[in-house]
Amino acid sequence: MINILLIGSGGREHAFSMQLAKSTLCKQLFIMPGNAGTADLGINVDINPLDFPTVGQFCVSNNIELLIVGPEDPLVSGMRNFFEADPLLKNIAFVGPDKMGAQMEGSKDWSKIFMQKHGVPTAAYKTFTQDNLSEGIAYLQNHSLPIVLKADGLAAGKGVLICETREEAVAELQLMIAEKKFGSASAKVVVEEFLKGIELSVFVLTDGKNYQILPSAKDYKRIGEGDAGLNTGGMGAISPLPFANEAYIKKVEERIIIPTINGLQKDGIHYVGFIFIGLMNVNEEPFVIEYNCRMGDPETEVVLPRIQNDLVELMLATAHGNLNTINLRVDPRTATTIMLVSQGYPEAYEKGKVMTQLDGVKDSILFHAGTKRNEQGELISNGGRVLAVTSFGNNIAEALEISKRNAAIIQFENKYYRKDIGYEFI
Ligand code: AMP
Ligand code: GLY
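Values in this document were obtained by computation on a predicted structure and should not be read as measured data.

Caption draft 1: Focus on the site of ligand 1. By nearness alone, 14 residues border ligand 1, and Glu192, Leu195, Glu199, Lys221 and Glu290 come closest of all. With respect to ligand 1, the side chain of Glu192 contributes an N or O atom lying 2.6 Å from a nitrogen atom. Between ligand 1 and the protein, one listed contact pairs a nitrogen atom with a backbone N or O atom of Leu195 at 2.8 Å. Starting from 480 Å² of accessible surface for ligand 1 in isolation, the protein chains cover 90%. For the shell around ligand 1, the elements supplying multiple residues, two or more each, are strand S7 (147-151), strand S8 (160-163), strand S9 (189-193) and strand S17 (285-292).

Caption draft 2: Seen up close, the site of ligand 2. Around ligand 2, a shell composed of Asp219, Gly233, Phe276, Arg294, Gly296, Asp297, Pro298 and Glu299 is seen. Taking Asp219, its side chain carries an N or O atom lying 2.7 Å from a nitrogen atom of ligand 2. The separation between a nitrogen atom of ligand 2 and a polar main-chain atom of Gly233 is 3.1 Å. Protein chains bury 87% of the 200 Å² of accessible surface belonging to ligand 2 in isolation. When the residues that make up the shell around ligand 2 are grouped by side-chain class, the tally is two nonpolar, two polar and four charged.

Caption draft 3: Structural context of the pairing of S8. Burial along S8 is one-sided: Leu161 and Cys163 are buried, and none of Val160 and Ile162, which face the opposite way, are. Where S7 lies against S8, four bridges are found, and the strand directions are antiparallel. Counted as the bridge partner of Ile147 is Cys163 from S8.

Caption draft 4: Representation of the packing of helix H7 (residues 133-141) against helix H8 (residues 166-177). Viewed as axis vectors pointing N to C, H7 and H8 meet at an angle of 160 degrees, and their least axial separation amounts to 9 Å. As judged from the angle between their axes, H7 and H8 are roughly antiparallel. With respect to the hand of their crossing, H7 and H8 are arranged in right-handed fashion. Taking contact as the criterion, the partners of Leu133, Gly136, Ile137, Leu140 and Gln141 in H7 are, on H8, Arg166, Ala169, Val170, Leu173, Gln174 and Ile177. Classifying every residue of the contact of H7 with H8 gives seven nonpolar, three polar and one charged.

Caption draft 5: Spotlight on the packing of helix H1 (residues 11-21) against helix H11 (residues 311-320). Between H1 and H11, the shortest axis-to-axis distance is 7 Å and the interhelical angle comes to 100 degrees. On the basis of the axis angle, H1 is roughly perpendicular to H11. Between H1 and H11, the contacting residues are Phe16, Gln19 and Leu20 on the first element and Leu311, Val312 and Met315 on the second. Broken down by class, the residue content of the contact of H1 with H11 amounts to five nonpolar, one polar and no charged.

Caption draft 6: Up close: the sheet that holds S7. If you walk across this open sheet you meet the four strands as S6-S9-S7-S8, and the pairing is antiparallel. The sheet is open, and its two borders are formed by strand S6 (125-128) and S8, each paired with just one other strand. Neighbouring strand axes in the sheet, compared pairwise and without regard to direction, differ in orientation by 20 degrees on average. In this fold helix H6 (residues 108-117) packs onto S6, S7, S8 and S9, with an angle of close to 145 degrees to the strand it touches most, S6. H8 rests against S6, S7, S8 and S9 of the sheet, and its axis sits at about 5 degrees to S7.

Here is what the cut-offs are and how they apply
Residues numbered from 1 in each chain as written. Chains lettered and ligands numbered in written order. Predicted model: local features only at pLDDT ≥ 70, side-chain atom pairs only at ≥ 80, totals over all residues. Heavy atoms only, no water. Near = heavy atom within 4 Å. Polar contact = N/O pair within 3.5 Å; in protein donor to acceptor, adjacent residues only side chain to side chain. Areas by Shrake-Rupley, 256 points an atom, 1.4 Å probe, with all protein chains shown as cover. Helix = DSSP H or I, 4+ residues; strand = E, 2+ residues; numbered from the N terminus. Nonpolar A, V, L, I, M, F, W, Y, C, P; charged D, E, K, R; others polar. Buried < 20%, exposed > 50% of the residue type's maximum accessible area, 1.4 Å probe, protein only. Pairing = 2+ DSSP bridges. Axes fitted to C-alpha atoms, helices over the stretch in contact; angles between N-to-C directions. Parallel < 35°, antiparallel > 145°, perpendicular 65-115°, else oblique. Left-handed = near helix turned anticlockwise from the far one by under 90°. Contact = heavy atoms within 4.5 Å.

Structure (structure tokens):
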């Protein structure tokens, strides 16, 4: 039995916590910083995960033997490198890539160069900075429409713009580079060809040499039904995708996963952790839109519940390089999740709304995202995305019906959610 530290505070981390806490290998689970849901499964720790020395001291004092990083920030900032460099921390089983590996997500330009070098199918592109901005503007004049502009660095999910006209693209490119629209994240901008198709996400767990392909999923990023309105962190998800059958996943494995894993090895990157591959399915052919160095949120809320293996065992096998010994068992049923959000999200919204009727929920799993307890011990909203309602069914429609029924039961002022998750497949 071991003590485990999980970094993060969203629905993704509550989903991880549920599986970690129920493992017979888990002695004590700590979540840093966690939310009201994770507090019922372990001990929430109020330390900023980016304060590596303090996190390190916490690990030593609490005899942590397994550390799992949920979000990208600590990885891109080099949390793994910090742990590897400290004799007191380097033996902790660590799930998450080092700073170099996290560049898969931390720099769009880096990931495009990586894909080109290793023959991974992706959209054609060119990268521009202040130094060749005028060349960039000229390049846009002859570009097919729409034009995709991507801030190179992390921009909290806001750094991708899809421009319908060349004028808009030129204005945005200038704003991003010269006016620092996304701060230093847009000092470099990737200009990319638009790919038309259905998006899906494939998740791979790798120990640096072996890998396991986790269930596929699709998230619904737009705030409004029918995929209208602003982009959010994700309003719901389904797993698996009807078209992502064994033959399709085999194609993804051969064209994308194997070249990616081999490419990392060839480049001398010892990548230990999750690779979230965002794909566009263009006429049955998969193209990579993006890599992320972590699991997705809310995709995790449909992917993890389908994995029947002991999660601690799976994480230890990842950290110790034994993923080849794992026989992944996946629930064949469909899982759907609906995210309950605060009215106004992804723009300004109010927090602190008292939440009730959670006890009335039947046949769904509730994953807390932005929640906490107030001084009276009441559950209150504490973020834009508040609660994910996950359900199983024999198909998307069946699972979604249960999620919708329970989403309606939970009460808090200004609750909003999409009722059409998975609509294109129903
Ligand atoms: P990202 O922030 O990288 O997840 O991108 C946000 C969204 O932009 C993606 O989920 C896609 O819907 C869209 N997107 C990104 N790149 C492309 C592309 N080359 N073609 C079409 N859509 C794209
Ligand atoms: N749901 C998309 C993400 O986690 O990036």
